[in-house]
Amino acid sequence: MAEARGAIDQAVELILASRNVIAMTGAGMSVESGIPPFRGEGGLWTQFGGPDANQYQRFLADPDAFWARELQQANEPYIVELRKTISVAAPNPGHVALASLESEGVLTTVVTQNIDGLHQAAGSKSVIEMHGSRHKMRCVDCGDRSPREAMFLQVRPAPCVRCGGRVKYDSVLFGEPIPRSVLEEARAATDRADCVLVVGTSATVRPAGGLPRIAKSNGARLIEVNPDSTAITETCDVVLRGRAAAILPELVAEIGLVRPGHTPRQR
Ligand code: NAD
Ligand code: ZN
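Remember, predicted model here, so these are calculated numbers, not experimental data.

Trainee: Explain the site of ligand 1 to me, and be specific about the residues and the numbers.
Mentor: Close to ligand 1 lie 27 residues, the nearest being Ala27, Gln113, Asp116, Ser202 and Asn226. At 3.2 Å, a backbone N or O of Phe38 approaches an oxygen atom of ligand 1. Taking Ala244, its main chain carries an N or O atom lying 2.9 Å from a nitrogen atom of ligand 1. Coverage of ligand 1 by the protein amounts to 92% of the 860 Å² it exposes when considered alone. Grouping the amino acids of the shell around ligand 1 by side-chain chemistry returns 11 nonpolar, 11 polar and five charged.

Okay, structure coming up:
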């Protein structure tokens, strides 16, 4: 595939010519870890139906009813399935590739829409979780976060130890605003970047989906990794058509080969 080879070479060239490379990742990043995305073929919404757009308002209106439903695992079927898949998932070679780019000083940060924690499990240190984490709890009144004690909770979480406020999962519900500090961190990372690897996202969920365009308008170069075209394909400088778990390790291998003083990897 000469064309694909050429695109990988262009991506490597762009990455190595940049001073601040970040990755923005979406649900497609974790598909090969067994966690389906929401949209498209095999997507959770395609299989089980779409979401209730007012999840957060339901929580605020009646936290007792919200928690009763949660503890009985009586959620919308797509949520039940998402949780099952996340609870057994492990990082795939794409997550490992991004972690190794960070440890080699090539990548500074991952801004992810995923809640699965697989970037950290693969070794990434600088991760901004725009939609929160399935592994944490958060007080909606003061923003304090704490580790989640179990993947499937048996008892309702106690009020916040810091302010006595209402505690929910850190994962952002439909209708819930993204915490301001997270938005600011993601925006700052976007503004610092001069090259963005956009991996496995349809770029349709706002505000996260708007960040690649903001980076582009700041003058950053965009490299898309996705088997399908997306809302931002047209604005990307290089498009790598394929699965994250295949393309990202290939990119890392190529970068290893062309960096001066770097030991080439086995391919
Ligand atoms: P999306 O469902 O809108 O789109 C997924 C994208 O991934 C598509 O563009 C698709 O072509 C691409 N894709 C599919 N398989 C791929 C692969 N193997 N490699 C690379 N790309 C692949 O996802 P989204 O834009 O991230 O938005 C969905 C929202 O749902 C997110 O905001 C996220 O919070 C949440 N979500 C998270 C998880 C998770 O944590 N793993 C899973 C499902 C949904
Ligand atoms: Zn609190």
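Trainee: For the coordination of the zinc ion (ligand 2), give the residues involved together with the corresponding values.
Mentor: Those protein atoms acting as donors to the zinc ion (ligand 2) are Cys139 (SG), Cys142 (SG), Cys160 (SG) and Cys163 (SG), and they sit at 2.3 Å. For the zinc ion (ligand 2), the four donor atoms in the first shell make angles of 102 to 113° at the metal, so the coordination geometry reads as tetrahedral. Mapped onto the sequence, the donors of the zinc ion (ligand 2) take the spacing C-x2-C-x17-C-x2-C. Placement of the pair is Cys139 in strand β4 (residues 136-139) and Cys160 in the loop between β5 (145-147) and β6 (167-169), with a sequence separation of 21 residues. Owing to a relative accessible area of 8%, Cys160 belongs among the buried residues under this scheme.

Trainee: Describe the sheet that holds β4, and please don't skip the residues or the numbers.
Mentor: Reading across the sheet, the three strands line up as β5-β4-β6 and stay open at both edges, with antiparallel pairing between neighbours. Of all the strands in the sheet, just β5 and β6 have a single pairing partner and so form its edges. Shown here is a sheet whose adjacent strand axes are inclined to one another by a mean of 30°, direction ignored. As paired strands, β4 and β6 are joined by three bridges and run antiparallel to one another. In the sheet register, Arg138 faces β6, and the bridge partner there is Lys168.

Trainee: Describe the environment of Pro177, listing the residues and the values that go with them.
Mentor: Structurally, Pro177 is set in the loop between β6 and α8 (180-192). Judged by its relative accessible area of 54%, Pro177 falls in the exposed class. Linking Pro177 and Tyr56, residues 121 residues apart in sequence, is a C-alpha distance of 8.9 Å.

Trainee: I'd like a description of α8, backed by residues and values.
Mentor: Taking 1.5 Å of rise per residue, 13 residues should cover 18 Å, and α8 covers 18 Å from first to last C-alpha, within 8% of that figure. Looking at α8, one finds that the buried residues are Val182, Ala186, Ala189 and Thr190. Projection of α8 onto a plane perpendicular to its axis shows the buried side chains occupying an angular sector of 100°, all on one side. Facing away from the buried side of α8, by more than 90 degrees, are the exposed residues Arg180 and Arg192. Taken together, the buried residues of α8 touch β1 (21-25), β2 (107-112), β3 (127-129), β5 and α9 (211-217).

Trainee: Got a sec to walk through the nonpolar core? Specific residues and values, please.
Mentor: Within the largest apolar cluster, 28 residues are counted, with the highest numbers of intra-cluster contacts made by Ile15, Leu197, Ile223, Leu240, Leu248 and Leu251. Sequence-distant contacts of Leu248, that is, excluding residues within four places in its chain, are made with Met29, Gly94, Ala97, Leu98, Val199 and Val225. Counting 20 residues, the second-largest nonpolar core is a separate cluster that includes Met24, Met130, Ala203 and Ala208.

Trainee: Which residues make up the packing of aromatic side chains, and what are the values?
Mentor: Per the stated rule, a full pass over the model turns up eight aromatic pairs. For the pair Trp67 and Tyr169, a centre-to-centre distance of 5.2 Å together with 65° between the ring planes defines the contact as edge-to-face. Placement of Trp67 in helix α4 (residues 63-71) and of Tyr169 in strand β6 is noted, with a sequence separation of 102 residues between them. Take Trp67 and Tyr169: they sit in the same class, and that class is buried. Among the aromatic side chains, those forming a connected cluster through ring pairs are Tyr56, Phe59, Phe66, Trp67 and Tyr169. Across the ring face of Tyr169, the terminal group of Arg134 is positioned such that the distance to the ring centre comes to 5.3 Å.

Quick notes on the rules
Residues numbered from 1 in each chain as written. Chains lettered and ligands numbered in written order. Predicted model: local features only at pLDDT ≥ 70, side-chain atom pairs only at ≥ 80, totals over all residues. Heavy atoms only, no water. Near = heavy atom within 4 Å. Polar contact = N/O pair within 3.5 Å; in protein donor to acceptor, adjacent residues only side chain to side chain. Areas by Shrake-Rupley, 256 points an atom, 1.4 Å probe, with all protein chains shown as cover. Nonpolar A, V, L, I, M, F, W, Y, C, P; charged D, E, K, R; others polar. Donors = N, O, S within 2.8 Å, 3.2 Å for Na, K, Ca; no water. Tetrahedral: all angles 85-135°; square planar, octahedral: opposite > 155°, others 65-115°. Helix = DSSP H or I, 4+ residues; strand = E, 2+ residues; numbered from the N terminus. Buried < 20%, exposed > 50% of the residue type's maximum accessible area, 1.4 Å probe, protein only. Pairing = 2+ DSSP bridges. Axes fitted to C-alpha atoms, helices over the stretch in contact; angles between N-to-C directions. Expected span 1.5 Å × (residues − 1). Arc of directions from axis to C-beta. Contact = heavy atoms within 4.5 Å. Core = buried A, V, L, I, M, F, W, Y, C linked by side-chain atoms within 4.5 Å. Phe/Tyr/Trp six-rings, centres within 6.5 Å; stacked < 30°, edge-to-face > 60°. Lys NZ or Arg CZ within 6 Å of the ring centre and 35° of its normal.

Function cannot be read off these values alone, since they describe shape.
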